[in-house]
Amino acid sequence: MSMARSQLRNIIESGRSIALDCYAIGKTIDDNDPVGKLFKTDVMNKTVIFKRFEGTGPASEGPPTIDTTIYFPYDFEDVYEGGESIGFGDKGFQKSLAFKISNGAATKEMMTRIAEDLRIVHMLASLHSLDPFIFKSKADQLGVSDAIHESYFAISQEEWEAIREPIREKISRLVTKAVSGGESTKSAAQEQQVEEFLMKIWQATDIEGIEPFIKAMQIEPDRAPEVFFAWKAVCYYQVRFAAITSDLKAYFQWVGDNGLCYPSDFPNLTPDEERRIKGLRDKLRDKMRMGYVEANTVLKEYEESYNKFVHDDRPQAFMEFLQNSDASYLSLASSVSNAAHGINLWKWYVDHFGASMPKQQFMELFDGLTHLYDVKHVGEVKSWDTESAA
């Protein structure tokens, strides 16, 4: 089933976690801006970048997979009218993307610009979600944040600091424990060492000067920067998950209510429509529940391992967590980003149409949520297909 106009709009406009509308952002940047737009080629600046979460839920085996999809609208002035997409995981991705960008005009200058754009695409593909904090952190890690306009990060300095402080505090307490052994007073040299370690872990670029910590944590030196980035990402999702807990409860209650999560004019539904909605609703609830349980499980394991190290002088569990921090980052990106995006979508419809909605508005919201959670009816193809959106 191709993605309908309303679903495409809902996915793009319901938050930055899984959709980066390069065209909408680029239009706000002046042509003479010293930093300029994200990409070097015009066509890439008119795309939408999506994150697709698949393989989650009760029937899945193994971790979720996250693909990066580049969507090329047919009509740049109305991105919801359909378009073509290329998935980062598709065979021949780079060749297909280069052909799409160049439109056959593969001049030397064009190929140079395509190569620069591919570096940005690879950076975006390396992220497990497009949350502004994660995007900016990765750009900082790679040393390219100054070359990306702040509009693409969509995060104010105040928001950045509000997220950064509890994460730094979390890391600082653990580093202090590792450096000073938990002594109540630290020497000036230890204070400086803690700050240096904290900055190295936060920046996640190299391990120069913190080799003893790397060794003590049994981290492979060449993996350390990505391990630290994943650790910071886990801390971010912990903060993010806590922030949406209240809304998440109301959102779950609505989806779990057979009366509200159903068209208010249900007597007009055909038997097939009734069966389809109820079948998809059960699957949606299962996936939402699994995502919530998964997020809580990962964060609980992290918190317990952290506390064992900081409070009980038992570092082994936390060392194991660091070894697998990227898997935790992947799991949380999927569950927390989907939840945040779903909340935004649900709140918009409830605010505009009320908690009980007639079929048209309900189906727009419901189809948006089933697309988001990759829930499909028997016989339907991938819900993320945007090839012929209508």
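To be clear, the structure that these remarks concern was listed above.
Read on for an overview of the structure. Each residue is numbered by its place in its chain's sequence as written, counting from 1. Only residues with pLDDT of at least 70 get local features here, since the model is predicted, and only at 80 or more are side-chain atom pairs given and counted; chain-wide, interface and lining totals rely on the full set of residues. Here the side-chain values reflect all heavy atoms present in the structure, with hydrogen atoms and water set aside.

Here we take up helix 13 (residues 325-353). In DSSP terms, a helix is any run of H or I states spanning at least four residues, a strand is any run of E spanning at least two, and both are numbered starting from the N terminus. What a helix is expected to span follows from its residue count: subtract one and scale by 1.5 Å. Here helix 13 spans 41 Å end to end across 29 residues, near enough to the 42 Å set by a 1.5 Å rise per residue. Remark: exposure states derive from per-residue accessible area (1.4 Å probe, protein chains only) relative to the maximum for the residue type, with buried under 20%, exposed over 50%, and partly exposed in between. Burial analysis of helix 13 places 21 of its 29 residues in the buried class, the great majority of the element. Within two residues after helix 13, G354 carries a phi angle of roughly 90 degrees, on the positive side.

Here we take up helix 4 (residues 108-126). Since the α-helix packs 3.6 residues into each turn, any two residues three or four apart lie on the same face. Taking 1.5 Å per residue, 19 residues should reach 27 Å; helix 4 reaches 27 Å between its end C-alpha atoms and fits that length. Buried within helix 4 are the following residues: M110, I114, D117, L118, I120, V121, M123, L124 and A125. Contacts are assigned to residue pairs with any non-hydrogen atoms lying within 4.5 Å of each other. Close packing links the buried residues of helix 4 with strand 1 (19-21), strand 2 (48-54), strand 3 (65-73), helix 3 (93-102) and helix 5 (132-142).

So, about the pattern of salt bridges. One side-chain nitrogen of Lys or Arg within 4 Å of one carboxyl oxygen of Asp or Glu is enough to make a salt bridge. Applying the stated rule across the entire model yields 18 salt bridges. When the shortest N-O distance is used, the salt bridge between D140 and K136 registers 3.4 Å. You can see D140 and its partner K136 sitting in helix 5, four residues apart, about one turn around the helix. D247 is paired through a salt bridge with K347; the nearest N and O atoms lie 3.2 Å apart. One end of the pair, D247, is in helix 10 (residues 224-255); the other, K347, is in helix 13, with 100 residues separating them in the sequence. According to the relative accessible area criterion, K347 is partly exposed, its value standing at 33%. Here the salt bridges share partners, and the residues they tie into one network are E161, R164 and E165.

Another aspect to go through is the packing of aromatic side chains. Centre-to-centre distance and the angle between the planes together describe a pair of aromatic rings. Each Phe, Tyr or Trp ring, with Trp reduced to its six-membered ring, pairs with another whose centre is within 6.5 Å; inter-plane angles below 30 degrees give stacked pairs, above 60 give edge-to-face pairs, and intermediate values give tilted ones. Counted under the stated rule, the structure contains 30 aromatic pairs. Between F362 and F366, the aromatic rings sit 5.2 Å apart at their centres with planes inclined by 15 degrees, giving stacked as the arrangement. Of the two residues, F362 and F366 are both situated in helix 14 (residues 359-372); the distance of four residues between them amounts to about one turn of the helix. Grouped by ring-pair contacts, the aromatic residues F197, F213, F228, W231, Y302, Y306, F309, F318 and F321 constitute a single cluster. Stacked on the ring of F72, the Lys or Arg K100 has its end atom at 5.4 Å from the ring centre. Above the plane of the ring of Y306 lies K170, whose end atom (NZ or CZ) is 4.6 Å from the centre. We call a charge positioned over a ring when the NZ of a Lys or the CZ of an Arg lies within 6 Å of the ring centre and within 35 degrees of the ring normal.

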